[in-house]
Structure formats: structure tokens, C-alpha cells
Amino acid sequence: MIRRTTSLAFSAAKNDRIKVAILGSGMSGCSAAATLLDSSSSNNFDISVYEGGRGIGGRMSTRRIHDESGKLLYQFDHGCQYISTPKTECFRKELEKWNERGWVQPWIGSFATVSAASTSSSSSSDVQLTVESPSERKDRYVGYPTMNTICENLLLQTKSEQSTINVVTGKQARAVAAHSEEETGQPLWQLYHKDELLGSYDWLVVTDRNSAQELRPDLADANVIEFKQVNEHIESIKSLTTMIAFEKPLPLPFDALVFDLNSNQAVMREEFKSLGWAARDSSKPGRSRNNDSPECWVLQSNPEEAVRLLERDELKGASLPQIREKIREQMVTDFINCIPTLMVKSGLEESQQMNTPKIIDSMGHRWGAAFPSFIKQELFKEIESQVFPEQQFAACGDYFGTYAGRVEGAFLSGRAAANEVLKYVEGR
């Protein structure tokens with residue numbers, strides 16, 4: 001059961017600067033960091049953000065491909081695809097601010113849905129493609145010029161005269177309780193990467209819902225039993241992604257396509273196999289191609305097929321590179337095979353149809369925890385974060401609140417966690 005806490009005295013290191021470690025540089029971690037940096041608190045924060053991946057962004061990451069000289073060849077938003085219309089006034093104002101600062105731009109693309117008639121038939125003739133009309137067009141925003149630009153700017157362009165921020169990528173941090181809660185005036189947390197001491201901290205903020213899993217080192221040595229117990233109720237949905245660079249543009253009259261598996265599962269699985277989403281990444285602002293540059297597409301799986309593929313006997317005990325290669329192979333095949341059907345269903349004349357352009361590069365990626373799923377969702381729906389003041393520990397992420405699984409939910413959760421930390425800090 002989640003416990004609602006009350007005001008508690010806060011202990012900080014004797015130099016009176018409050019050191020905060022944030023595990024994860026996705027939207028919730030960056031939101032928490034920016035909220036602390038941007039606060040009117042009289043306290044001075046030294047914030048360190050630790051990201052185990054190669055770059056900032058978490059599931060808002062961008063994959064960049066360079067040549068041997070370091071020149072950018074092309075890029076893919078291989079996680080979050082866009083930010084949809086805000087549901088709250090708080091996030092609406094934030095999105096407006098990002099837009100004014102040039103961190104985001106609207107994605108004015110052509111969006112379509114492919115579905116199959118809900119009949120007992122399993123014929124491909126039941127497949128239909130519906131393109132979103134201008135009057136139906138929804139607001140969709142993307143980071144400019146890359147999706148992870150938003151997270152980078154939240155961390156690196158939030159100004160503070162008193163506080164500092166340090167961002168470390170490529171290091172999986174492990175948290176250890178440095179002192180007991182009764183030893184006031186001492187940092188409660190030490191962070192390690194393998195045997196390397198990264199630093200000592202007064203507060204720890206964890207943003208990945210998988211950090212409490214037994215196989216993860218993040219909190220294996222941390223005394224946060226209550227958080228771990230509640231965390232057991234969280235399940236995650238896997239997602240597979242494949243990035244493809246075509247030598248020339250695909251002859252499809254849309255920029256993004258949703259594969260509606262629920263319309264008729266038998267037909268959709270037969271025709272489109274693993275596919276749940278396909279997007280012409282080059283149609284997004286800041287990603288447009290030159291005449292001689294490739295056209296980039298991002299494919300994402302539907303959840304059911306992701307599980308089926310990953311549970312194949314041939315992948316049991318496989319290494320991560322082997323899994324990624326199988327993902328790439330399967331999803332490229334599924335997409336290429338369905339292109340003729342998509343051309344026909346798009347209403348293209350035979351003279352407009354053409355052979356699929358040459359693929360010059362492709363790669364697969366597995367998101368082991370792309371979206372949150374819940375056994376007992378009511379535990380998380382009514383709160384935006386968790387704070388355990390005795391341990392000076394906070395948790396946030398896209399699994400909290402009413403808008404779980406969305407960029408908006410992650411942003412609101414990080415902001416809420418930081419504001420709770422500020423309450424305890426101010427009350428010391």
C-alpha cells in the first residue's frame with residue numbers, strides 16, 4: 001500500500017549544498033532536474049543525472065548514424081514518436097514554452113490507419129486504409145531537430161545562479177545507503193558504477209520502473225523495501241523497433257501508419273505480421289532529406305507480436321546483438337512484403353506504383369519496458385510520484401498518474417517528485 005507522507009526534517013551535508021542524484025535521463029528525470037534548477041528555493045542544489053545509455057533521452061532517444069569522419073548521415077526517433085495534444089493545463093503551458101524556445105515543432109504529416117473489417121472472413125480483401133482528413137488532423141509535436149532535444153535542453157538550458165548540474169552517460173549507477181537515517185549531517189547515498197565511486201548524495205531520485213527488479217543492480221543494495229514491494233505490481237509492455245534507411249523515397253502517400261490489430265486480428269496478423277506502427281521519420285521537421293540523402297523510416301511492433309517473437313525457441317539464451325538482428329530481419333521482411341498491399345489500398349494507380357527502393361541500412365532495437373502495464377493500476381493512478389522522506393528517496397516515471405505511458409505523464413511525475421523534495425528541503 002502506498003503511504004502518504006507528512007513533513008519531516010531533512011538532513012543535508014554540512015556544506016549546506018544539497019546534492020541530488022537522478023537515475024535516468026528520460027522525460028521524468030529531466031523534468032525533475034529542471035524543476036529543482038528552476039525553483040525559487042533558497043537552497044543550492046548540485047544535481048547529477050546518471051544515464052546508462054549512450055545519450056540523453058531514455059525512450060525519447062534519437063539514433064544518429066555518422067560516417068567515418070563524424071559527419072551525420074541520418075537519424076531516427078526510435079522511441080517516442082510524437083507528443084500528442086496536452087490533457088492538462090500545466091503541460092499545455094510547458095509545451096507552449098518549448099514551442100516558443102524552438103525545442104519542438106508541429107509534425108504536419110499525412111496520417112493513416114490500416115484495418116480489416118470485423119467479419120468472420122480472413123481475406124486480404126477486407127483490408128482498408130483510411131487517411132486522416134485535414135479537418136480530423138490532431139496536434140502532434142516532435143522535438144526539434146531530434147526528439148531527445150527536449151530532454152537535452154531541459155537539462156542543459158535551465159539556468160540557475162546558485163545550483164549546478166552534471167550529466168553522466170554510459171554508466172549504470174548502483175545506489176548504496178551510505179549511512180543510517182539517524183546519522184544526520186551526512187549524505188545518505190553513495191553511487192557506484194561497478195567499483196568506481198561516482199559520488200555521495202543527500203537525495204536519490206529514481207525514474208526507471210525496472211530499477212527495483214532483482215536482476216538490476218540499481219537498487220540491489222538500497223534499503224527501499226517499501227518502494228520495492230509496491231514496484232512488484234508494475235508490469236511492462238515490450239516493444240520492438242526497426243530503423244530503415246532507403247536509398248530513395250517510398251512511394252506511399254502517407255507519413256505515418258497505425259496498424260489496427262484489434263479490427264480483425266486474423267487478417268491483420270496474416271497481412272502485416274509484427275507491425276504496429278510505421279513512420280516516415282524524414283517527414284518530421286528538422287529531419288527532411290536532401291536529394292542525395294536516404295529516406296528514413298521507423299517501424300514499431302504491436303505488443304502481442306513482440307512477445308511472440310521474443311519467446312521463440314531460437315532466441316532462448318540468445319545475446320542482445322542476436323535478438324536485435326532477429327528483430328531487424330523479421331520487421332524489415334514484414335514491412336517490405338506489405339508495401340504492395342499498402343500501395344493498392346492507398347488508391348495508387350498502377351503507373352504510380354514502383355519497386356521498393358534499395359535499403360542502404362537497417363537495424364533492430366528491443367525496448368524491454370516500453371510502456372507500463374498494471375496488475376493493480378489503482379495503486380498508481382491517483383498519485384504522480386512517490387517520496388520516502390526517511391530515506392531521502394523519490395520515485396517518478398511514466399507509470400504514475402492519470403496519463404501513464406505518455407510524455408505528459410512522465411513530465412508531470414518528474415515535476416511532482418521534485419516539488420515534493422523541495423517541500424522537505426524547505427522544511428529542514
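Above this text is the structure in question.
Residues numbered from 1 in each chain as written. Predicted model: local features only at pLDDT ≥ 70, side-chain atom pairs only at ≥ 80, totals over all residues. Heavy atoms only, no water.

Attention now moves to the overall build of the protein. From N to C terminus, the protein includes nine helices and 21 strands. Here the C-alpha atoms of the protein give a radius of gyration of 23 Å, agreeing with the 22 Å that 2.2 N^0.38 yields for 428 residues. For the protein, the spread of C-alpha atoms along the three principal axes comes to 75 × 45 × 45 Å. Each of the 428 residues in the protein was classed as buried or not, and the buried ones make up 51%. Considering only contacts in the protein between residues 6 or more positions apart, those separated by 24 or more positions represent 75%. Entry remark: accessible area of the protein is about 19,900 Å², with carbon and sulfur atoms responsible for 44%. (Helix = DSSP H or I, 4+ residues; strand = E, 2+ residues; numbered from the N terminus. Rg over C-alpha atoms; globule rule 2.2 N^0.38 Å. Buried < 20%, exposed > 50% of the residue type's maximum accessible area, 1.4 Å probe, protein only. Contact = heavy atoms within 4.5 Å. Areas by Shrake-Rupley, 256 points an atom, 1.4 Å probe, with all protein chains shown as cover.)

Our next topic: the pattern of salt bridges. Should their charged atoms come close, side chains of opposite charge can pair. Counted under the stated rule, the structure contains 23 salt bridges. Put simply, Glu132 and Arg140 hold a salt bridge, and the shortest N to O gap is 2.9 Å. Of the two residues examined, Glu132 and Arg140, each falls in the buried class. Here Arg174 and Asp221 are joined by a salt bridge, their closest N and O atoms 2.9 Å apart. Taken as a pair, Arg174 in strand β11 (residues 174-177) and Asp221 in the loop between β14 (203-206) and α4 (225-231) lie far apart in primary sequence, 47 residues in all. (Salt bridge = Lys/Arg side-chain N within 4 Å of Asp/Glu carboxyl O.)

Moving on, we get to the sheet that holds β14. Strand order in the open sheet formed by six strands is β10-β2-β1-β14-β21-β20, and the pairing between neighbours is mixed. Whereas interior strands pair on both sides, the edge strands pair on one side only; in this sheet they are β10 (164-169) and β20 (386-388). Shown here is a sheet whose adjacent strand axes are inclined to one another by a mean of 15°, direction ignored. Taken together, the three bridges between β20 and strand β21 (residues 393-395) define a ladder with antiparallel strand orientation. From the neighbouring strand, Phe388 faces β21, where its bridge partner is Phe393. Running over the sheet, helix α1 (residues 27-37) touches β1 (17-23), β2 (44-51) and β10 and is turned about 165° from β2. (Pairing = 2+ DSSP bridges. Axes fitted to C-alpha atoms, helices over the stretch in contact; angles between N-to-C directions.)

In this section: helix α3 (residues 149-156). Of all eight residues in α3, six are buried, a share of seventy percent or more. Turning to α3, its buried residues are Thr149, Ile150, Cys151, Asn153, Leu154 and Leu155.

Examined against the element boundaries, Gln81 turns out to sit in the loop between β4 (72-76) and β5 (83-84). There is a polar contact of 2.7 Å between the side chain of Gln81 and the backbone oxygen of Asp77. A polar contact of 3.1 Å, which involves the side chain of Gln81, links it to the backbone oxygen of Gly79. Contacts of Gln81, omitting those with residues within four sequence positions, involve Trp107, Val142, Met147, Trp277, Ala279, Lys284, Val298 and Gln300. (Polar contact = N/O pair within 3.5 Å; in protein donor to acceptor, adjacent residues only side chain to side chain.)

So, about the side chain of Gln300. The topology assignment puts Gln300 in strand β18 (residues 295-301). Beyond its immediate chain neighbours, meaning those up to four positions away, Gln300 contacts His78, Gly79, Gln81, Leu240, Thr241, Ser274, Leu275, Gly276, Trp277 and Met331.

Next up on the list: the packing of aromatic side chains. All told, the structure shown has 18 aromatic pairs when counted by the stated rule. The interplanar angle of 40° and the centroid separation of 5.6 Å between the aromatic rings of Trp297 and Phe335 together place this pair among those described as tilted. Of this pair, Trp297 sits in strand β18 while Phe335 sits in helix α7 (residues 320-345); the two residues are 38 residues apart in sequence, bridging distant segments of the chain. By the burial criterion, Trp297 is buried, and Phe335 matches it. Members of the aromatic cluster, each reached through a chain of ring pairs, are Tyr82, Trp107, Phe111 and Trp277. Looking at Lys19, its charged tip hangs above the ring of Tyr201, at a distance of 5.2 Å from the centre. Above the face of the Tyr82 ring, Arg140 is positioned so that its terminal group lies 5.5 Å from the ring centre. (Phe/Tyr/Trp six-rings, centres within 6.5 Å; stacked < 30°, edge-to-face > 60°. Lys NZ or Arg CZ within 6 Å of the ring centre and 35° of its normal.)

Turning our eyes to something else, we now look at the environment of Leu310. Of note, Leu310 is situated in helix α6 (residues 303-310). A sequence separation of 94 residues divides Leu310 from Arg216, and the C-alpha atoms of the two residues are 20 Å apart. With residues near it in sequence (within four places) discarded, Leu310 still touches Lys238, Leu240, Leu315, Ile323 and Arg366.

With that out of the way, let us pick up the pairing of β18. Here β18 lies mainly inside the structure; seven of its seven residues are buried. Side chains of β18 alternate between two faces, with Glu295, Trp297, Leu299 and Ser301 and Cys296, Val298 and Gln300 buried alike. Here six bridges tie strand β15 (residues 234-246) to β18, and the two strands are oriented antiparallel to one another. Among the inter-strand pairings, Phe246 is bridged to a residue of β18, identified as Glu295. Sheet topology places strand β17 (residues 275-280) next to β18; five bridges connect them, and they run antiparallel. Bridging across to β18, Arg280 finds its partner in Trp297.

Geometry only, nothing functional implied.
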